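Architecture and fold: a report
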Amino acid sequence: MAVAALRRMRVSGLATSSSSSVPNWKGGVSMVQGASRGIGLEFVRQLLENNKNGYVVATCRNPKEATSLSDLKNRFSERLFIQKLDVTDETTIEESAESVREKYGSLNLLINAAGILSIPGVLQPETTLNKVEKSSLMLAYEVNAVGPILVMKHMWPLLKAGGGSGTDREVAVVANLSARVGSIGDNRLGGWHSYRASKSALNQLTKNVSVELGRRKDPVACILLHPGTVDTDLSRPFQRNVPDGKLFTREYSVQKLLHIINNTKKQDSGKFFAWDGQEIPW
């Protein structure tokens, strides 16, 4: 083992299992993809504050511009690792996986939090069929569905190596942030074609992976989470019609989602949960 790796083990309180060459990090190692703002940023904050021993890898497209992440780095310099990762550029995903492998050797939690609903002048939720455009469909699919599955693909060996080691869980967890509007069975209002379809695709891809990893008997559970309507930049243009008491703070939503993640069992793999723990129909 390299001298640098041994030094990191001593400094960080790393323990290694006698039955495996993969390090067992006390408190576990979590990755949050899409961590520069909104729900992703709140996941990073709560993971660091609630788990005094855990390590967090926070990824985003432009780390140099992620001032809130930098503030957290100043507070948790030894336990927060910030990386560049753009879900539309697979090379950056591969490079991120390699960096995590070199630094930690494993992962115990992957949260795919990045997503798009609207971009002024580029993407807007469609209220009628005649507003559907190919470019909007493809962009939403690329960011909301393709991106997360590629992150899962490249982080899979690290999650398999980590399993539940260093945590109170029996398995590693992949938590993909979906949305209730991605449910076909729950769709009674229509509209939002690009966003709905991309989240439905994410649901199917995640379910597919859960079946494969279950067949391989890998110690990884893949779940989908609906955070509710949360007060973030993503939802802000559409908050006017949210019923009283149904617009959640980021703090509240992430607290609820982490409770689900922390209590995930192997048999939960492939399930779609709302923020309150209730299963959502496909």
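Report on the accompanying structure. Keep in mind it's a predicted model, so treat the numbers as computed, not measured. (Residues numbered from 1 in each chain as written. Predicted model: local features only at pLDDT ≥ 70, side-chain atom pairs only at ≥ 80, totals over all residues. Heavy atoms only, no water.)

1. Points about the overall build of the protein chain
Just so we agree on the cut-off: Only DSSP runs of H or I covering at least 4 residues are called helices, and only runs of E covering at least 2 are called strands; the numbering of each starts at the N terminus. Note on exposure labels: buried denotes an accessible area under 20% of the residue type's maximum, exposed denotes more than 50%, and partly exposed covers the range between, all computed with a 1.4 Å probe on protein chains only. Here a residue-residue contact requires only that any non-hydrogen atoms of the pair lie within 4.5 Å. Surface accessibility in these figures is a Shrake-Rupley result with a 1.4 Å probe; residues are shielded only by whichever protein chains are displayed.
What the protein chain contains, in helices and strands, is 7 helices and 11 strands. By the burial criterion, 48% of the 282 residues in the protein chain qualify as buried. Taking the contacts inside the protein chain whose residues are at least 6 apart along the sequence as the reference set, 71% of them involve residues at least 24 apart. Of the roughly 14,100 Å² of accessible surface on the protein chain, a fraction of 50% belongs to carbon and sulfur atoms.

2. Let's talk about the sheet that holds strand β3 (residues 29-33)
Selection rule: At least two DSSP bridges between two strands are required for those strands to pair. As a rule, the C-alpha atoms of each element are fitted with a line to give its axis, helices using only the stretch in contact, and angles between N-to-C directions run from 0 to 180 degrees.
Taken in spatial order, the 7 strands make up an open sheet running β5-β4-β3-β6-β7-β8-β11, and their pairing is parallel. Edge positions in the sheet fall to β5 (80-84) and β11 (272-274), since each of these pairs with one other strand and no more. When strand polarity is set aside, the average angle formed by the axes of neighbouring strands in this sheet is 20 degrees. As judged from the 4 bridges shared by β3 and strand β6 (residues 109-112), these two strands associate in the parallel manner. Bridge pairing links valine 32 to isoleucine 111 in β6. Along the sheet face, helix α4 (residues 90-103) touches β3, β4 (55-60) and β5 and points at about 155 degrees away from the line of β5. Sheet strands in contact with helix α7 (residues 250-262) are β6, β7 (172-177), β8 (220-226) and β11, and its direction is about 155 degrees off that of β8.

3. A word on the packing of aromatic side chains
As a reminder of what qualifies: By convention, a stacked pair of Phe, Tyr or Trp rings (six-membered ring in the case of Trp) has centres within 6.5 Å and planes under 30 degrees apart, an edge-to-face pair has planes over 60 apart, and any other such pair is tilted.
Under the criterion given, the structure shown has 9 aromatic pairs. Here tryptophan 25 and tyrosine 55 contribute two aromatic rings whose centre-to-centre distance is 5.0 Å and whose plane-to-plane angle is 70 degrees, an arrangement assigned as edge-to-face. Of this pair, tryptophan 25 sits in the loop between β2 (23-24) and β3 while tyrosine 55 sits in strand β4, and the two are 30 residues apart along the sequence. Overall, the relative accessible area of 3% leaves tryptophan 25 in the buried class.

4. Some remarks on the packing of α4 against helix α5 (residues 134-162)
Test applied: Working definition: roughly parallel below 35 degrees, roughly antiparallel above 145 degrees, roughly perpendicular at 65 to 115 degrees, and oblique for all remaining angles. By definition, any crossing whose near helix is turned counterclockwise from its far helix by less than a right angle is left-handed, and any crossing with a clockwise turn is right-handed. Charged means Asp, Glu, Lys or Arg here, nonpolar means Ala, Val, Leu, Ile, Met, Phe, Trp, Tyr, Cys or Pro, and polar covers whatever is left, Gly included.
Between α4 and α5, whose axes approach to 9 Å, the crossing angle comes to 25 degrees. Taken together, the axes of α4 and α5 are roughly parallel relative to one another. At the point where α4 passes α5, the crossing takes the right-handed sense. Taken together, the residues of α5 that come into contact with α4 (itself represented by Glu90, Ile93, Glu94, Ser96, Ala97, Val100 and Arg101) are Gly147, Leu150, Val151, Lys153, His154, Met155 and Leu158. Looking at the contact of α4 with α5 residue by residue, the class counts come to 7 nonpolar, 3 polar and 4 charged.

5. Comments concerning the nonpolar core
Note that soluble globular proteins tend to have their nonpolar side chains buried in a common cluster. What counts is decided by this rule: In this description, a nonpolar core means a group of buried Ala, Val, Leu, Ile, Met, Phe, Trp, Tyr and Cys residues linked to one another through side-chain atoms lying within 4.5 Å.
Membership of the largest hydrophobic core comes to 40 residues, with the highest contact counts inside it found for Phe43, Val44, Leu69, Ile111 and Ile261. When residues of this core are assigned to their parent elements, the largest contribution, 6 residues, is made by helix α2 (residues 38-50). If we skip the residues at most four places from it in the chain, isoleucine 111 touches Met31, Val32, Gln33, Phe43, Leu47, Ala175, Leu177 and Ile261. Met31, Leu123, Leu213 and Cys222 belong to the second-largest nonpolar core, a separate cluster that totals 29 residues.

6. Let's talk about the side chain of threonine 264
With respect to the helices, strands and loops of the structure, threonine 264 is situated in the loop between α7 and β11. Not counting residues up to four positions away in its chain, the partners in contact with threonine 264 are Arg169, Val171, Val173, Ala221 and Ile223.

7. Overview of the environment of aspartate 218
With respect to the element layout, aspartate 218 can be found in the loop between α6 (193-216) and β8. For the pair aspartate 218 and valine 171, spaced 47 residues apart in the sequence, the C-alpha separation amounts to 8.6 Å. Non-local contacts of aspartate 218, meaning those with residues more than four positions away in its chain, are made with Trp156, Lys160, Leu213 and Lys266.

8. Things to note about the pairing of β6
Quick reminder of the rule: Crossover handedness is defined here as right-handed if the route from the first strand over the helix to the second strand goes clockwise, with the strands pointing away from the viewer.
Side-chain alternation along β6 places Leu109 and Ile111 on one buried face and Leu110 and Asn112 on a second face that is also buried. Sheet analysis places β6 next to β7, joined by 4 bridges and oriented parallel. The residue bridging asparagine 112 from the neighbouring strand is asparagine 176, located in β7. Running through α5, the crossover from β6 to the neighbouring parallel element β7 is right-handed.

9. Digging into the environment of glycine 147
For glycine 147, the location among the structural elements is in helix α5. When residues no more than four places from it in sequence are discounted, the contact partners of glycine 147 are Val87, Ile93 and Glu142.

10. Some thoughts on α6
At 3.6 residues per turn, the α-helix brings residues three or four places apart onto the same side. To be explicit about the condition: What a helix should span is 1.5 Å times the count of its residues minus one.
When the terminal C-alpha atoms of α6 are compared, their 35 Å separation across 24 residues agrees well with the 34 Å that a helix rising 1.5 Å per residue should span. Here α6 has its buried residues at Ser194, Tyr195, Arg196, Ser198, Lys199, Ala201, Leu202, Asn203, Thr206, Val209, Ser210 and Leu213. Next to the buried residues of α6 lie α5, β7, β8 and β11. The positive-phi residue at the C-terminal boundary of α6 is lysine 217, with phi of around 60 degrees.

Note that every value here comes from positions in space, so none of it alone points to a role or purpose.
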